[in-house]
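This is what each chain is made of:
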Amino acid sequence: MNAPDKMFHLPDVQATPDQRQLAIQKVGVKSLRYPLALATADGAVQHTVAELTMAVGLAPEVKGTHMSRFVEILERPRGALQAADLPALLQEMLGHLQAESGSIDLAFPYFIAKAAPVSGVSSLLDYDVRLQVEQQPGAPIRTTLAVTAPVTSLCPCSKKISEYGAHNQRSHITISAELRQPMAVEELVRLAEEEASCEVFGLLKRPDEKWVTERAYDNPKFVEDLVRDIALRLMAEPRIGRWSVASENFESIHNHSAYAELCGENV
């Protein structure tokens, strides 16, 4: 018997019956890093590296899932990915693993080219992005887009009580949105940046530094202001169902962060 025949007749222990009769909600692979091609808002393709979690529900009578099949899904040829493609990718995974429920989670850095406010010099700024898609039996597929955008926040209280300047800090705003219709990463990023005291840039010249400093000073916001202002924008967006917004301000005068989080669901 040659080697291929031996492999063909190897026993499949994973497919044997399990006597404990306990269903598992999620079983699969986690912390799998894989190259990813993304379709950007302007129609270009951006290449990055994603960290994936792929899981399916396991029936109580089945001993184990087929772990190798998750990677096989990723190895299949496909074009640049966008959020609208995730439901089809999930259905492909469920079919390949013969499962009724499952989820795919992709976390990756995403780069956006930004022009400085005065000089116009261009540079790339990185954002943390997460795409999630989930299917439960008898329920519609849920697709969630989350972004974390770095911004500047300036303290209104400090500005009010100080004769010279006001303390400011870099903040991370995280927006998570369950999508009813497609939205680009850039749209959620801009929403966060527009409601901050000022946005941040990868590269600034001296006239730009003057502009961002004065912009933040003229637009002070508490951490509470940040999440409330962004929440109002999310509540007015018909393409979003459930949503959450959180802001962590890395305080410049304390050795801790200020934090606020607000969540809701659009009807």
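Let us look at the structure shown here.

What counts, and at which threshold
- Residues numbered from 1 in each chain as written.
- Predicted model: local features only at pLDDT ≥ 70, side-chain atom pairs only at ≥ 80, totals over all residues.
- Heavy atoms only, no water.
- Helix = DSSP H or I, 4+ residues; strand = E, 2+ residues; numbered from the N terminus.
- Rg over C-alpha atoms; globule rule 2.2 N^0.38 Å.
- Buried < 20%, exposed > 50% of the residue type's maximum accessible area, 1.4 Å probe, protein only.
- Areas by Shrake-Rupley, 256 points an atom, 1.4 Å probe, with all protein chains shown as cover.
- Lys, Arg positive; Asp, Glu negative; His and termini not counted.
- Charge placed at Lys NZ, Arg CZ, Asp CG, Glu CD.
- Phe/Tyr/Trp six-rings, centres within 6.5 Å; stacked < 30°, edge-to-face > 60°.
- Lys NZ or Arg CZ within 6 Å of the ring centre and 35° of its normal.
- Axes fitted to C-alpha atoms, helices over the stretch in contact; angles between N-to-C directions.
- Parallel < 35°, antiparallel > 145°, perpendicular 65-115°, else oblique.
- Left-handed = near helix turned anticlockwise from the far one by under 90°.
- Contact = heavy atoms within 4.5 Å.
- Core = buried A, V, L, I, M, F, W, Y, C linked by side-chain atoms within 4.5 Å.

### Quick notes on the overall build of the protein chain
Regarding its fold elements, the protein chain presents seven helices and nine strands. The C-alpha atoms of the protein chain give a radius of gyration of 23 Å, which is well past the 18 Å a tight globule of 267 residues would have. Sorting the 267 residues of the protein chain into buried and exposed places 43% on the buried side. When the accessible surface of the protein chain is split by element, carbon and sulfur atoms take 54% of a total near 15100 Å². Averaging the coordinates of the 26 positive side-chain charges in the protein chain and doing the same for the 35 negative ones gives two points 1 Å apart.

### What about the packing of aromatic side chains?
On inspection of all chains with the given rule, the structure shows zero aromatic pairs. Directly above the ring of Phe 201 sits Lys 114, whose terminal nitrogen or CZ lies 4.5 Å from the centroid. Residue placement shows Lys 159 over the ring face of Tyr 217; its charged tip is 4.4 Å from the ring centre.

### Concerning the packing of helix α5 (residues 185–194) against helix α7 (residues 223–235)
At a minimum axis distance of 9 Å, the contact between α5 and α7 shows a crossing angle of 140°. Here α5 is positioned oblique relative to α7, judged by the angle of their axes. Viewed along their axes, α5 and α7 form a crossing whose handedness is right-handed. When α5 is examined against α7, the residues Leu 188, Leu 191, Ala 192 and Glu 194 are found in contact with a partner set consisting of Ile 230, Arg 233 and Leu 234.

### Thoughts on the nonpolar core
Where a protein is soluble and globular, its nonpolar side chains tend to be buried together. One finds Met 93, Leu 106 and Ile 175 to be the most contacted residues of the largest nonpolar core, which totals 60 residues. Contacts of Ile 175, omitting those with residues within four sequence positions, involve Leu 145, Ala 146, Val 147, Leu 188, Leu 191, Ala 192, Ile 230, Leu 234, Ser 244 and Val 245. Counting six residues, the second largest nonpolar core, distinct from the first, contains Leu 154, Ala 166, Phe 201 and Val 212.

### A short note on unusual backbone geometry
Phi is positive for Ser 31, close to 60°, though the residue is something other than glycine. Within the fold, Ser 31 resides in strand β1 (residues 24–39). At Gln 98, a residue that is not glycine, the phi angle is positive and equals roughly 50°. Relative to the assigned elements, Gln 98 resides in the loop between α3 (86–97) and β3 (102–115). A residue is classified by how much of its surface remains accessible, and Gln 98, at 72% relative accessible area, is exposed.

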